[in-house]
Structures are given as C-alpha cells and as structure tokens.
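Summary of the model geometry
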Amino acid sequence: MDNNASISLSNPHPEGGTLLQKLGLAGVGISLVIFAVSLFNLTSGNQSLFLTVAMLLLMVGGALYGVEKYRHIPAGIKNNGVFKSSMTNRGIIGWIVGIILTTFYIALYWFPEWIGQGTGGANTGMVALFDPLAQLLKGQNASQWFVYGTFYTIAILVLGIKFLYKYRHNAYHRNRTIVVIISQLFLAYLIPEILEGLNYGTAGNYYGKDLKNMWPLNYYFTDGWYLDNLQKTVEQPLGMIYLVWGIILFLVVTPIITYYVGKRWYCSWVCGCGGLAETAGDPYRHLSDKSTDAWLLERILIHAVLVFVFIMTALLMVTYFSGYDFGIGLNRFLVLGIVAVIVTVVIVIQRKAYPHVPMTKLYVVGGIIVLGFAIYILTPLFFGENQSSTVYFSSYEFRSWYGFFVGSAFSGVIGVGFYPVLGNRVWCRFGCPLAGYMGLIQRFKSKFRITTNGGQCISCGNCSTYCEQGIDVRAYAQKGENIVRASCVGCGVCAAVCPRGVLKLENGPEEGRIHGPIEISSEGIKVVED
Amino acid sequence: MNHVVIIGNGISGITTARQVRKKSDARITVISAETEHFFSRTALMYIYMGHMKYENTKPYEDWFWKKNKINLVFDQVTEVDFEKKQLTLTKTTPVNYDKLVIATGSLPNKFGWPGQDLEGVQGLYSYQDLENMEKRSRSLKRAVIVGGGLIGIEMAEMFHSRNIPVTFLVREKSFWGKVLPREESAMVNSEILNNHIDLRLGEELEEILDDGKGQVIGVKTKGGEIINCGFVGLTVGVRPNIDFLRDTALEIDRGVLINERQETSVADVYAVGDCAQHRTPPSGRRNLEQIWYTGKIQGENCARNICGDKSHYDPGVFYNSAKFFEIEYQIYGEVPVPEPEGVASIYWEHPEANKSIRIVFEENSQSVIGFNLMGIRFRHEVCDKWLREKATLKTVVRDLRAAHFDPEFYKTYETEIKKLYEQTTGESIELSSLETLKNLIFKSA
C-alpha cells in the first residue's frame, strides 16, 4: 500500500516562483535601488555605467520575471489568487505602489526639481542619470519628460512581454500586445527622440512627434505656441506634415476606422495611455467599479471633459486667429461659486433622472472637484507675487485650468498613480476626451459589438469582474444581448476569461447590432426578454 | 394572485420573481436560507480560486430588489401547510401565500458509504459548501474527490489552484465516459494528468475513514487501497432538495412532480429548476435536468402561467457547456455515447493542441444531429438553426465557417473538416466564402 503514490505529482507551479523568476525580480529590485540612490546624486561618478546597468537589469530582469511566472504552467486563464494578493486586491503592497506612483507623478508635473530637473543649470539626481541616454538619442541632456518617457516605454515593453506570456494561447491578445509595444517603442519614443536629434522641434520650437497622439488627447495641439512651432520655416517640411496629419487623423481617419472596428483600434492597440493600462495596469483591471452609479459618473465626467476641451479649443482658436484675448476680470470666489453651482446642478439633474441609484459616489466626486478647484483658484490669494482676488478669465486661463485638472491631475496622478486602487483605466473611462469622442461614434455609428453566444451564459461574472472599463458585461450576456457600449475599449479580456465561450468581439452589419440575438429556445418560451 | 412566495433564490426562483414582476404588480417574496441575495452558484469555484469575490458573483446590485419590489427573506422554510397556504420559518413569523413556487435546488448525493457524514466530507453546491471547503483547506495535505463529473473536476481544479494534492477517484474507465465520446474523454483524462492530479480511473470508494473524533482521516477504495486525506469531496451527482416536503399532500417522486406548465399536484403550487421533476419531459430531455438555462426557461414559463398567460415548457434543441481545466467544452444537439445503429460522426482533432470538432449525423438522412466541441467555440444560433432545420452533413461542412466563434485572429478549421468529409464520403465539396455566410452569421437568430 503506497500512500505516497502521487507525491511526485506535485503542482508544476512552484509556490513563490522559480529560481529564474526570483533572479529576474532581484534584477528589477537592484535597478530600482540604483534609480533610487541616483535621486541623491550617488551615481554621479559614472552615470553611463549606472544607467546601462540599471536599464539592463530592469528590462532583462522584468522580462525574465514575467516569462518565468507563466512559462511553466499550461496556457490558459491565469487569475488564481488575484483577489487574495495584497498587490492586486488593494492590500498594503498595492497601496504602497499606489503612493509611490502618485508621488512620482506629482514630482513629474509640479516639482521636477525633486527628481533632479535642472532649472537653468545642469541636471542632478535621476534626471542627470539619464543624460547619457538622451545625449545618445538626441544629443541633448535629459529632462523629466525624457526620464518619464523612458520609464513608460520600458514598462510597456517589459510588462507587455509578461502579458504576452500570460495570454500566449490567445491570438487576439498576442497581436494586440505586439502592436501596442511597437507603437510605444517606435512611434511614441524612439522616432520622436531621434527626430529631435535631427534638430526637428528643438531650440524652443518643440512639438510632439508621436504620429498617433492626436487632439484632444494631445490637448496642446491647439495651443498658439504649438501651432506657431509647427509652421516655423526651420521645421519644414515635417512641421506642416504633422499639422495636416493631426487634423486629418482626428477629422477623417479616426471616424472611419472607428466605424469599421470600434474604438479599440486606438484605445487598446496603439494608444500610449491604453498601452500602459493593458500591460503595466493589467494586474489591476478587476478593480474597476461596475456599479450603475459609477457608469452614471462615467457618462457625466467624460462628456464634461469633452465639452471642456471643445470650449477651450474654440476660445484658443478665436484668440489665435483674431489675436484678441478677452481678459474678463472676475472675483476668485465668484468663479468658485459658479463652478460649485454647475457641479451641483449636474448632480441634482442626474439625481432626479436616476432616483433609485445610490448616488454617494457622485456626491463624493462632486465634492472633490469643487474642493480641488477651490484650492486651485484660491491659492494665488495667499501665495505668489500678485496676491489678487481677481482672476483674469481668458482663453489662456481656461487652457491652464484644463492642463492642471485634466492634463496633469486626472490623466497622470489619478489615471496611473491610482492603478492599484481604482483600476487601470480610470483616465480612459472617466476622463479621456478622445475616448469620449470615439465612444460616441462606437455607440451610435459603428459595426463593432461584442456578440453574446445565444443562451450559453451562466452568469458567473468573470467578464464583468475583469472588464477594466467597469462595464457590467454579464448584465447583457445573461439576457442574450450583444454588448454595445461607448466605453468599451475592445481589450477582449471578457471574451478570454469567459469559461463558456459566450463572448466574441467582432465587426458586422449595423442592423441588429444593438440587441442582437435575444432568444435561443423554442417558439413557446423566450429565455429572456426586456 | 396577490402574494407570490418563492422558496429558493437560485437562478430558477429569481427568474420566476423577476418575470412575475415584469408581468404584474403582485406582492413577491423570495425566501432563502443560503444567502441574502441572489448569486451565481456557477461561480463558486472562482471565489475559491481567487478570481472573484462573493460580491462579484451577484448578477444584480443589492438595491435592485427593493427597486423592483421583490421582498427578500433570509430564513429557512421548515414546513408547508398547503391547506392554510402557509409556510413555517425558523426565525420569522409564518408567511401566507396565494401562489407558491418551490425552487429549492439540489443537494449532493450520498450513497450510504460508511463515514459519509464525517467532518471534512462534503459536496459542492451551496455557498455553505464553499465556506466549509475554504475552512477545511487550511493546512490540508491531500483531498480525495469521488465521482467523475463536472463538479468533481471543478473541485480538482480548485484544490490544484492552491497547490493542494488531489486524488480523483472515477468509477468509469475514462472521465465522464457516459457523456463524452471516447476521444474527447481521453483528451480530458490527459488534461487532468497534465495538471498533476492523481487520477484513478476505474476506482471506487469503499468507505471513508474516521480519526476517532468524527474527522475524516482517509478513504479506502474498492481496490483495497487506503489513501490518507483531510477532505473527501462527494461529487456523484445531485438530488432534489425537497426532504421538507415529503409526507405532505404534494406529489413527489425524486423531485416535485410537475406538468409542462410547472404546476404541481396541488393547486397554486409550482416548482421550477433542479428540484422539479417533469412528468412528461420534452423529447430528448431528462425528467430531472440540472442545467442553468433550463432553470431560467422554467422560471419564465412559471411566471407566465402564474400571471395567466398559458405557456408550456419547451427548452428547444439541447445545448450545454463546461470547462475542464483549460479545455472549454460545448455541445449542441445530441451526441449519443456510444453511437447507436444508424448514427455516425466525423471527428477531427488538432495534432498538438487540445481542440477537437465532432459532427454527429444520421447515416440514412445525412442530417446533422449534434456537435461536440473541445477547445473550440461555435456560434449557438448557427448550430441551433442547422439542428432545427435538420441540415445535411454536406451543408454543415460547406458552411462551417459560419459557426466559428473563437476570438478574431484564431485559426479556423473548416478546411480540415472538409478534407475529412471528402476522405469519408469520397465526394469533393467547395467551402462557402465568408461573404456568402454573412447572412447566416448575423441573421440566424
């Protein structure tokens, strides 16, 4: 009698990971230590050496960790323990990561000197550590944005490789992730940096050279200085090409592609924000809020930002072409009052339209917006040179509000810094005006849908749980309805995690798209109706 | 029809409640002792494996019930007085009903094994079963699972996700051998072994061993082997959870007997879902059928009849699905095992991956009667249409691309099936182009 007959049949997935996986993690750890000590100028003896070592360790170690994590287990859905891990279920580790990320973004946007951005003089700290790489790529010293772009690209590259291994059985995810990595590495990082090395957009003539980063996601596209730079003689012909392409991309290319395949072509195939969310943010996708009040909040916020960006652009255009900027002097408290009234009115209207929905989140978010705006608008009363109670309301003032609240605070600090708390698509879902624009096309004029496979849904909820956009996919699938939602970025994870083969992302005729197949059973009874 | 009371808040009971609410403004009460709110019991395994939390398994947010005026009572019904139309509960005062719906689901089967009631011996059906399994998993060295069916393999995957060794006793010579054809069953056997489960085919449970303190310490198999373990999963099917209704006026066999309108032998009393036994089941269906969607259809049928729209139970062409570790399984129509006289199938299996397609047909008429799919997704509407219209094998093979439901960029296998068809029949055929199939794909419903 051999009671231990099957002891050799132990789980092929070693607890705590393989040796190579641990080595990879150690490499990442050492590289992070190097980056950390660089903040205190401890690497200044040999920046090139330290940077090379740190970057290699980060990339090789990170990729090794990601590959080893999944290589030894059978291909398939790998969500074991997601809700039990401190890192991925808002545990202490998750919060620590969130705080570090948030701090990094705050430094990046408002206090770049914290990470060593030189003001007038040479760089120090971490920014100086990246000087050799910036010199190599474009013959200039680094800036905080160069450091950010490099980290961002490495994150998408390395964690993209991890994602590729996690979903190696799935051709949709494989293709999508390869495109995301290539888009970031070449279009968003190497090509723009190298173009700067070729003296395009340098010497105060800066403009963004990421071909896919379009207005209104790229909100400074319509700034006067930016339009001027694009037209400068020394920047030609590239400047005009980027200007014309930027306009065509938004007005023609985007609506056409979105009509045929949905907004996924951008949001989860080429976009930088989406790319980071799909790779670095993947472990946090289940943290999105699926409640109907979050959905309501989403519709209010994303469309408010869309309106905001259109008004801002219109004002900027008027000022740019006419040269006239109406600087209406307004009392700061009056401006605060107007904003508070607008926010309150929107909430009250929505509260009436959806009386059954618990609206706590709306009140909290409304409160945060008003409070944030109050701090922003009232701070100059107490600090700075001109402590005036009057704010000169102009198109530039409006533009700077947008840059502060939407461009920096929302997309960066909340959008990425809060990955481990709010999920990986907060910005894409609640804020991105480009996503809002394409969402309207996707919802009302597109061939894209997620088809529900007849009556096979067992309401298990994997699809809704792993929807990073917080769509309650199950609510549709269990009724046999297709999923057509403005916010769907077409990442395809709902279809992948479904254990019953119920969901398929596809493009088909517009006719019958919205409700799609409703019933599978006989004449007598409909399974579901609504 | 003033007060509709439903015992059980599973998918059948809840569907009944929702559909009654859509059709009427009757007072609706749903009583359950399992959980306060409806959750999807199909997702129990995912809670254990950490894919989801209990909250994620609720298909409706908690405010939904109040908004739809469906009154939820978290209590156990102990007795039903059909004369007085009154229910006795453990905690609250008795509840009177005008219409009663019995939707109490199932209990795991126990076949009188010695030791079957020890601590650490259980099935997996209810939320309480999951809680017990969770408690038992701490410092568990080995689990033994008895019964080679869908719940058994789910339980094996659950323990496997936590690195707890599993011995899996399956009475048949091959996993789920009474339902899956030989090749598909063999594929699952090897998937189980690849996941390092100690699979014992053709092995049965003799008795469960006691540590002297009422705790399980091991099992003894019919082969005489003793396997030490701290947990025994009994997954040898389920039976209707209706013991509290025995010795009442209600006519009961294995389940509560119902007609095609979900009506029981007592006026104004209905039964739906797992606990209901059809007196005359629709053709091709069993009289007890514990499937998610048939529970839904019965719930809707019941609601219609309660509200006075006469309708009858008709679940249509059979279909179902499951997942064996990483292998997804779908079935449409009939796939009899073994194939009777006059029925044949063409079977294609991927040379490397765990993927296969089986198309079953009647040899005389050449009509396709079933599809069995491993690791490949087919489109329900298209298969359903073919099966209802008794499409010939030739038509199905020719148009097979229309049934493809795997994600975009996945390889499709219609050419392989076509070759197989041509080899078998000696007749060559031309595959339909995707363009000509568009109508079938998107308008088949």
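Remember, predicted model here, so these are calculated numbers, not experimental data. All residue numbers refer to positions counted from 1 along the written sequence of the respective chain. Ligands are numbered from 1 and chains lettered from A, in the order in which they are written. Given that this is a predicted model, residues contribute local features only at a pLDDT of at least 70 and side-chain atom pairs are listed and counted only at 80 or more, while totals for whole chains, interfaces and linings are drawn from all residues. The basis for every side-chain value is the complete set of non-hydrogen atoms in the structure, without hydrogens or water.

What about a nonpolar patch on the surface?
Residue and element names in this part refer to chain A. The condition that has to hold: Each patch is built from residues lacking any salt bridge and having more than 30% relative accessible area; the joining distance is 9 Å for like charges and 5 Å for nonpolar side chains (Val, Leu, Ile, Met, Phe, Trp, Tyr). Only the protein chains shown count as covering a residue, and every accessible area follows the Shrake-Rupley method with a 1.4 Å probe. Salt bridges are defined as contacts in which a side-chain nitrogen from Lys or Arg sits within 4 Å of a carboxyl oxygen from Asp or Glu. Only runs of H or I of at least four residues qualify as helices and only runs of E of at least two qualify as strands under DSSP, and these elements are numbered from the N terminus. Exposure is judged per residue with a 1.4 Å probe applied to protein chains only, and the accessible area is read against the type maximum: over 50% gives exposed, under 20% gives buried, and values in between give partly exposed.
Residues Leu-211, Met-240, Ile-241, Val-244, Trp-245, Ile-247, Ile-248, Leu-251, Val-252, Ile-256 and Tyr-260 make up a contiguous nonpolar surface patch of about 950 Å² in total accessible area. Mapped onto the fold, Val-252 is located in helix α9 (residues 238-261). Owing to a relative accessible area of 41%, Val-252 belongs among the partly exposed residues under this scheme.

Considerations on the sheet that holds strand β4 (residues 77-81) of chain B
Residues and elements named next belong to chain B. As a reminder of what qualifies: Two strands are said to pair when DSSP picks up at least two bridges between them.
Read from one edge to the other, the open sheet built from three strands follows the order β4-β5-β6, with strand pairing classed as antiparallel. Each edge of the open sheet carries a strand with a single partner, namely β4 and β6 (95-96). Where β4 and strand β5 (residues 86-89) come together, four bridges link them in antiparallel fashion. Residue pairing for β5: Glu-79 is matched across the bridge by Thr-88.

Details of the sheet that holds strand β2 (residues 27-32) of chain B
Residue and element names in this part refer to chain B. Quick note on the threshold: To obtain each axis, a line is fitted to C-alpha atoms, and for helices this fit is confined to the stretch in contact; angles are then taken between N-to-C directions over 0 to 180 degrees.
One open sheet holds the five strands; their spatial order is β3-β2-β1-β7-β19, and the pairing between them is parallel. Edge positions in the sheet fall to β3 (70-74) and β19 (269-271), since each of these pairs with one other strand and no more. Here the strands of the sheet are splayed against their neighbours by 20° on average, with no regard to which way each runs. Where β2 meets β3, five bridges bridge the pair, whose relative direction is parallel.

Brief notes about the packing of helix α1 (residues 19-38) of chain A against helix α2 (residues 47-71) of chain A
A pair of packed helices can be characterised by two numbers: the angle between their axes and the separation between those axes. Residues and elements named next belong to chain A. The line we're drawing: Any angle from 65 to 115 degrees is called roughly perpendicular, while one under 35 is roughly parallel, one over 145 is roughly antiparallel, and all others are oblique. It is the rotation of the near helix from the far one that decides the hand of a crossing: anticlockwise by less than a right angle makes it left-handed, clockwise makes it right-handed. Three categories are distinguished: nonpolar for Ala, Val, Leu, Ile, Met, Phe, Trp, Tyr, Cys and Pro, charged for Asp, Glu, Lys and Arg, and polar for the others, with Gly belonging to the last.
Two elements in contact, α1 and α2, have axes separated by 7 Å at closest approach and are oriented at 150°. One element, α1, and the other, α2, form an angle in the roughly antiparallel class. The interaxial crossing formed by α1 with α2 has left-handed handedness. Of the residues in the contact of α1 with α2, the class split is 15 nonpolar, six polar and two charged.

Some points on the nonpolar core
What counts here: The set of buried Ala, Val, Leu, Ile, Met, Phe, Trp, Tyr and Cys residues whose side-chain atoms join them within 4.5 Å is what this entry labels a nonpolar core. Whether two residues are in contact is decided by their heavy atoms, any of which lying within 4.5 Å being enough.
The biggest cluster of nonpolar side chains holds 93 residues, and the ones touching the most others in it are A:Tyr266 and A:Leu503. For this core, the element with the most residues is helix α12 (residues 292-322) of chain A, which contributes twelve residues. Ignoring anything within four residues of it in the chain, the contact list for A:Tyr266 reads A:Lys212, A:Asn213, A:Met214, A:Leu217, A:Cys271, A:Leu434 and A:Met438. In this structure, B:Val30, B:Val101, B:Phe231 and B:Phe324 belong to the second largest nonpolar core, which totals 72 residues.

Some thoughts on the interface of chain B and chain A
Put simply, the rule is: Buried area: the accessible area, evaluated with a 1.4 Å probe, that two parts lose upon being put together, summed over both parts. Two N or O atoms count as a polar contact when they lie within 3.5 Å, although within protein this holds only if one can serve as hydrogen donor and the other as acceptor, and sequence-adjacent residues are included solely when both atoms are side-chain atoms.
On the side of chain A, 81 residues touch chain B, which itself brings 77 residues to the contact. Summing both sides of the interface, chain B and chain A together bury roughly 6300 Å²; the carbon and sulfur share of this comes to 48%. Run the count over chain B and chain A and you get three salt bridges. A salt bridge links B:Arg379 to A:Glu506, with the nearest nitrogen and oxygen atoms 2.9 Å apart. At the junction of chain B and chain A, the tally comes to 31 residue pairs in polar contact (both at pLDDT 80 or more). Sort the elements by how many residues they give to the side of chain B that touches chain A and helix α7 (residues 292-306) of chain B lands first, with seven residues. Classifying every residue of the side of chain B that touches chain A by side-chain character gives 26 nonpolar, 24 polar and 27 charged.

Comments concerning the domain arrangement of chain B
The test is simple: Each domain span listed reflects an automatic or database assignment of domains.
Parsing chain B into structural domains produces domain 1 (3-107 + 239-306), domain 2 (121-236) and domain 3 (319-444). Summarising the inter-unit geometry, the C-alpha centres of domain 1 of chain B and domain 3 of chain B are found 36 Å apart.

Here's the deal with the packing of aromatic side chains
Pairs of aromatic rings are described using the distance from one ring centre to the other and the angle between the two planes. Worth spelling out the cut-off: Working definition: rings of Phe, Tyr and Trp (its six-membered ring) pair if their centres are within 6.5 Å, and the pair is stacked with planes under 30 degrees apart, edge-to-face with planes over 60 apart, and tilted otherwise. A ring is scored as having a charge over it whenever the NZ atom of a lysine or the CZ atom of an arginine sits within 6 Å of its centre and within 35 degrees of its normal.
Enumeration over the complete set of coordinates arrives at 63 aromatic pairs over all chains. Between A:Tyr172 and B:Phe409, the ring centres sit 6.0 Å apart and the planes meet at 20°, which makes this aromatic pair stacked. Here B:Phe409 lies in the loop between α9 (393-398) and α10 (414-425) and A:Tyr172 lies in helix α7 (residues 171-197), a pairing that spans two chains. You can call A:Tyr172 buried: its relative accessible area is 4%. Look at B:Trp176 and B:Phe324: their rings are 6.0 Å apart centre to centre, the planes differ by 65°, and that puts the pair in the edge-to-face class. One end of the pair, B:Trp176, is in the loop between β11 (166-170) and α6 (182-194); the other, B:Phe324, is in strand β21 (residues 319-324), and 148 residues separate them in sequence. With a relative accessible area of 0%, B:Phe324 lands in the buried category. The ring of B:Phe442 carries B:Arg379 above its face, with NZ or CZ at 5.8 Å from the centroid.

Some remarks on the state of the cysteines
Just so we agree on the cut-off: Throughout, disulfides are identified as pairs of cysteine sulfur atoms within 2.5 Å of each other.
Taken as a whole and judged by the stated rule, the model has zero disulfides over all chains. No disulfide involves A:Cys488; its nearest neighbouring cysteine sulfur is the one of A:Cys494, lying 6.5 Å away. Here B:Cys383 stays free of any disulfide, with the sulfur of A:Cys498 as its closest cysteine sulfur at 16 Å. The class for B:Cys383 is buried, based on a relative accessible area of 0%.

Description of helix α1 (residues 11-23) of chain B
Residues and elements named next belong to chain B. What counts here: In this scheme, a helix's expected span is set at 1.5 Å multiplied by one less than its residue total.
Taking 1.5 Å per residue, 13 residues should reach 18 Å; α1 reaches 18 Å between its end C-alpha atoms and fits that length. Most of α1 is tucked away: eleven of the 13 residues are buried. Restricting attention to buried positions, one finds in α1 the residues Ile-11, Ser-12, Gly-13, Ile-14, Thr-15, Thr-16, Ala-17, Arg-18, Gln-19, Val-20 and Arg-21. Contacts from the buried residues of α1 go to β1 (3-7), β2, α3 (63-67), β3, β7 (99-102) and α7.

Observations regarding the pairing of β1(B)
Residues and elements named next belong to chain B. Selection criterion: Handedness is read with the strands pointing away from the viewer; a crossover is right-handed when the path from the first strand over the helix to the second is clockwise.
Counting buried positions over the five residues of β1 gives five, a clear majority of the element. Residues of β1 alternate between two faces, with His-3, Val-5 and Ile-7 on one and Val-4 and Ile-6 on the opposite face, all of them buried. As for the winding sense of the linkage, the β-α-β connection from β1 through α1 to β2 is right-handed. In this sheet, β7 lies alongside β1 in parallel orientation, the contact comprising four bridges. The residue bridging Val-4 from the neighbouring strand is Lys-99, located in β7.

A closer look at the side chain of A:Ser394
Residue and element names in this part refer to chain A. Here Ser-394 is to be found in the loop between β2 (390-393) and α15 (395-414). By relative accessible area, which is 9% here, Ser-394 ends up buried. In terms of polar contacts, Ser-394 uses its side chain to reach the side chain of Asp-325, at 3.5 Å. Every residue in contact with Ser-394, bar those within four places of it in the chain, is listed here: Asp-325, Phe-326 and Gly-327.

A look at the side chain of B:Asp406
Applied cut-off: In this tally, Lys and Arg are treated as positive and Asp and Glu as negative; His is ignored, and so are the chain termini.
Checked against the element boundaries, B:Asp406 lands in the loop between α9 and α10. B:Arg377 is the oppositely charged side chain nearest to the buried, salt-bridge-free B:Asp406, at an N-O distance of 4.7 Å. Separated by 3.0 Å, the side chain of B:Asp406 and the backbone nitrogen of B:Arg377 make a polar contact. When residues no more than four places from it in sequence are discounted, the contact partners of B:Asp406 are A:Lys504, B:Gly375, B:Ile376 and B:Arg377.

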